[in-house]
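Breakdown of the fold
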Number of protein chains: 2
Amino acid sequence: MIAYQGEPGAFSEHAAKALFGNSARTKPCESFKEVFDAVSSGRAQRAIVPVENSLFGSVHEVYDLLLAHKLHIVGEVKLRIQLHVMALPGVTMNTVRLIYSHPQALGQCDRFLRSLNGVQAVAYYDTAGSAKMIRREQRHDAAAIASTEAARVYKLHILKKNVESNHRNFTRFLVLARRPVKRNGSMKTSIVFAVKDVPGALFKALAVFALREVNLLKIESRPLVGRPWEYLFYLDFAGSQEDKQVRQALNHLQELSTFIRILGSYPHGRTVSG
Amino acid sequence: MIAYQGEPGAFSEHAAKALFGNSARTKPCESFKEVFDAVSSGRAQRAIVPVENSLFGSVHEVYDLLLAHKLHIVGEVKLRIQLHVMALPGVTMNTVRLIYSHPQALGQCDRFLRSLNGVQAVAYYDTAGSAKMIRREQRHDAAAIASTEAARVYKLHILKKNVESNHRNFTRFLVLARRPVKRNGSMKTSIVFAVKDVPGALFKALAVFALREVNLLKIESRPLVGRPWEYLFYLDFAGSQEDKQVRQALNHLQELSTFIRILGSYPHGRTVSG
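Scope of this entry: the structure provided in the associated data block. Each residue is numbered by its place in its chain's sequence as written, counting from 1. A letter from A marks each chain and a number from 1 marks each ligand, given out in the order of writing. Local features in a predicted model are, by the rule used here, given only for residues with pLDDT of at least 70; side-chain atom pairs are given and counted only at 80 or more, and totals for whole chains, interfaces and linings are based on all residues. Only hydrogens and water are removed before side-chain values are computed, so all heavy atoms of the structure are retained for them.

1. Focus on the overall build of chain A
In this description a helix means any DSSP run of H or I spanning at least four residues, a strand means any run of E spanning at least two, and both kinds are numbered starting from the N terminus. Scanning chain A from terminus to terminus reveals 9 helices and 16 strands. Each principal axis of the C-alpha distribution contributes one length, and for chain A these read about 65 × 40 × 30 Å. Residues counted as buried form 58% of the 274 residues belonging to chain A. Considering only contacts in chain A between residues 6 or more positions apart, those separated by 24 or more positions represent 75%. For accessible areas, the Shrake-Rupley method is used with a probe of radius 1.4 Å. Any residue's cover is judged against the shown protein chains and nothing else. For chain A, the computed accessible surface area is about 11,600 Å², with 50% contributed by carbon and sulfur atoms. In chain A, which carries 37 positive and 23 negative side-chain charges, the distance between the mean positions of the two groups comes to 4 Å. Relative accessibility thresholds used throughout: buried, under 20% of the residue-type maximum; exposed, over 50%; partly exposed, between the two (1.4 Å probe, protein chains only). The contact rule is simple, with two residues in contact once any of their heavy atoms fall within 4.5 Å. Note on charges: Lys and Arg go in the positive column, Asp and Glu in the negative column, and His and the chain ends are not counted at all. Here the site of a charge means atom NZ of a Lys, CZ of an Arg, CG of an Asp or CD of a Glu.

2. A closer look at unusual backbone geometry
Residues and elements named next belong to chain A. Non-glycine residue Lys155 carries a positive phi angle of around 55°. Of note, Lys155 is situated in the loop between helix H7 (148-153) and strand S10 (157-160). The exposed category is assigned to Lys155, whose relative accessible area is 60%. Positive phi, close to 50°, is recorded for Asn162, a residue that is not glycine. By secondary structure assignment, the location of Asn162 is in the loop between S10 and strand S11 (170-177). Note on Asn162: relative accessible area 23%, which makes it partly exposed.

3. What about the sheet that holds strand S7 (residues 98-101) of chain A?
Backbone hydrogen bonds hold the strands of a sheet together, and the pairing may be parallel or antiparallel. All names here are of chain A. By the convention used here, strands pair only if DSSP detects at least 2 bridges between them. Read across the sheet, 5 strands follow the order S8-S7-S9-S6-S10 without closing on themselves; strand pairing throughout is mixed. The outermost strands of the open sheet, each flanked by one partner alone, are strand S8 (120-123) and S10. Direction aside, neighbouring strands of the sheet carry axes that sit 35° apart on average. As defined by bridge partners, S7 adjoins strand S9 (residues 142-146) across 3 bridges and the pair is classed as parallel. Following the sheet pairing, Tyr100 is matched in S9 by Ala144. A fitted line through C-alpha atoms represents every axis, and for helices the fit uses only the stretch in contact; the resulting angles, taken between N-to-C directions, go from 0 to 180 degrees. Contacts from helix H6 (residues 127-136) reach strand S6 (84-87), S7 and S9 within the one sheet, and its direction differs from that of S9 by about 150°.

4. Some thoughts on the sheet that holds strand S9 (residues 142-146) of chain B
Residue and element names in this part refer to chain B. One open sheet accounts for 5 strands, arranged S8-S7-S9-S6-S10; its pairing is mixed. The strands lining the two open edges of the sheet, one partner per strand, are strand S8 (120-123) and strand S10 (157-160). Averaged over all pairs of adjacent strands, the angle between their axes in this sheet comes to 35°, without regard to strand direction.

5. Let's talk about the relation of the copies chain B and chain A
Of the two same-sequence chains, chain B is brought onto chain A (RMSD 0.0 Å, axial shift 0.0 Å) by a rotation of 180°. The transformation just described matches what one would write down for a two-fold rotation axis. Looking at the interface residues of chain B, 98% of them are also at the interface in chain A, so both copies use one shared face. Least-squares fitting of one copy onto the other uses the C-alpha atoms of those residues that reach a pLDDT of at least 70 in both copies.

6. Description of the pairing of S11 of chain A
All names here are of chain A. Counting buried residues along S11, 7 of its 8 residues qualify, which places the element largely inside the surrounding structure. Examined bridge by bridge, strand S3 (residues 46-53) and S11 share 7 bridges and lie antiparallel to one another. Bridge pairing links Ala47 to Leu176 in S11.

7. Topic: the interface of chain B and chain A
Think of interface size as the accessible area that goes away when the parts come together; that is how it is often given. Across the boundary between the two partners, chain B contributes 45 residues, which contact 44 residues of chain A. Buried area is understood as the total, over both parts, of accessible area removed when two parts are fitted together, assessed with a 1.4 Å probe. With both chains or domains summed, chain B and chain A bury close to 3,600 Å², and 56% of this area falls on carbon and sulfur atoms. Between Lys or Arg on one side and Asp or Glu on the other, a salt bridge is scored when a side-chain nitrogen of the former is within 4 Å of a carboxyl oxygen of the latter. One can count 2 salt bridges joining chain B with chain A. Between Arg114 of chain A and Glu30 of chain B there is a salt bridge, with the nearest N and O atoms lying 2.8 Å from each other. The definition of a polar contact used here is a pair of N or O atoms within 3.5 Å, where within protein one atom must be able to donate a hydrogen and the other to accept one, and adjacent residues in sequence count solely through side-chain atom pairs. Our count for the chain B to chain A interface comes out at 6 residue pairs in polar contact (both at pLDDT 80 or more).

8. A few points about the pattern of salt bridges
Should the charged atoms of two oppositely charged side chains come close, the side chains can pair. Residue and element names in this part refer to chain A. Considering all chains together, one arrives at 32 salt bridges over all chains under this definition. The partner of Glu52 in a salt bridge is Lys218, with the nearest N and O atoms 3.3 Å apart. Note that Glu52 is positioned in strand S3 and Lys218 in strand S13 (residues 216-224), a separation of 166 residues in sequence. Assigned by exposure class, Glu52 and Lys218 land together as buried. With its nearest N and O atoms 2.5 Å apart, the salt bridge here joins Asp243 to Arg183. With Asp243 in the loop between strand S14 (227-238) and helix H9 (244-256) and Arg183 in the loop between S11 and strand S12 (187-195), the pair connects residues that are 60 residues apart, well separated along the chain. For Arg183, a relative accessible area of 40% translates into the label partly exposed.

The following block contains the structure:
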């Protein structure tokens, strides 16, 4: 069972099925917190959560939950986000008065939405949830903006494809579990750490990787609110904790950092179509 | 004249007035692109744009526009984002059936919105714009979620204060102009650069600062979509391009990078209440 935030037909579910196959059992949850709790408590074996988007940056809320829970990252997948307008069979764009979707999806389609006359965009808690509501309530005056997967699940017809303003929109999802994954092909590792506020502290922290030829894949500083000179760093690098040079680098980093948390080592993810 | 995206009463306008005083003349624009064009063409002297949020991370769209235009960052300010429910005088929470706001603001208030029964959240193009619409159309069935500034501008009563789910929500705004600013107190500098994809390349790039004791304030890698091994880096560091060691570090970085763009040197910004 794979927990995800959203309704059946959500992008997270799509990402889960792209990784684990169409027969994988998935568990929709209302919030990210519920997703993390489902795996922590054993009600789900795995979770899939969005962590980074090519237009909006990192999802700090998910990093906060990663730090608050003791789960391991065991995999990743990158999904191209494609958004379509969908409605009940027989409904045309001319008869649509309201378009429902998740606030962020509406934001991603703002150019399309502004081009419409007499159509109101309505924020709904979920993209797939808006498709579900239109099917359940048999709304002939409304459409949803959601994925092809949502159109399939709720038997809606796609009225207009790819209404997202930016077509190079990818979301990276992480797979989480209670236990770490064994080495399996080319691996990467994600950590969060903080360093003392002294000049060159970050440079020294990165030196522990460079000196051992461990290649960095992502780095991001996040200022701690209310503590203007303190930062958390998100770091992804090539290799696994099972590699000798990675273990040595992490031991070395421990000497330099005020806080360090290894989120997991996992195989490099593929990019799949949304 | 200071261009910003949104309607009068928007957080960007609030940030502009916090920096330049309440009598500063501001120019509302529909899109970020229009904001950049207004300054580039000389129709506005300055622009103010959000670049980073403590919950949602960096606004890549603004960085893209910074790279596409030849403007200079000349200042910054950090604004605490506070969101309130507001309506026409006489309207109470019990009579509100619809709540309008910008999709992202609705997302930031999802906990509050889910706690309501029989109230629909409606996505609008702007927080302040939703307050404006309620005043203009004399909507007694609706409320807006926006800033105190919007309540003041459109003469709405605040029905419920601070409905945002996370109260530690700050947005960092940049001030842009056609010409760079002169040194004025403690300065910082923002750059964007790319390095060759060789192991340790980023480490060497950061060495140019560490070797000269230039302190890093923000670092973020952004993968280039479709080019899995290429990255842009956003970097902020202490000091001004007028400083000898900063000039030397930037000359040194030029040797190592495939691309470099200096976005500007500007005074460290204050944090103000939203």
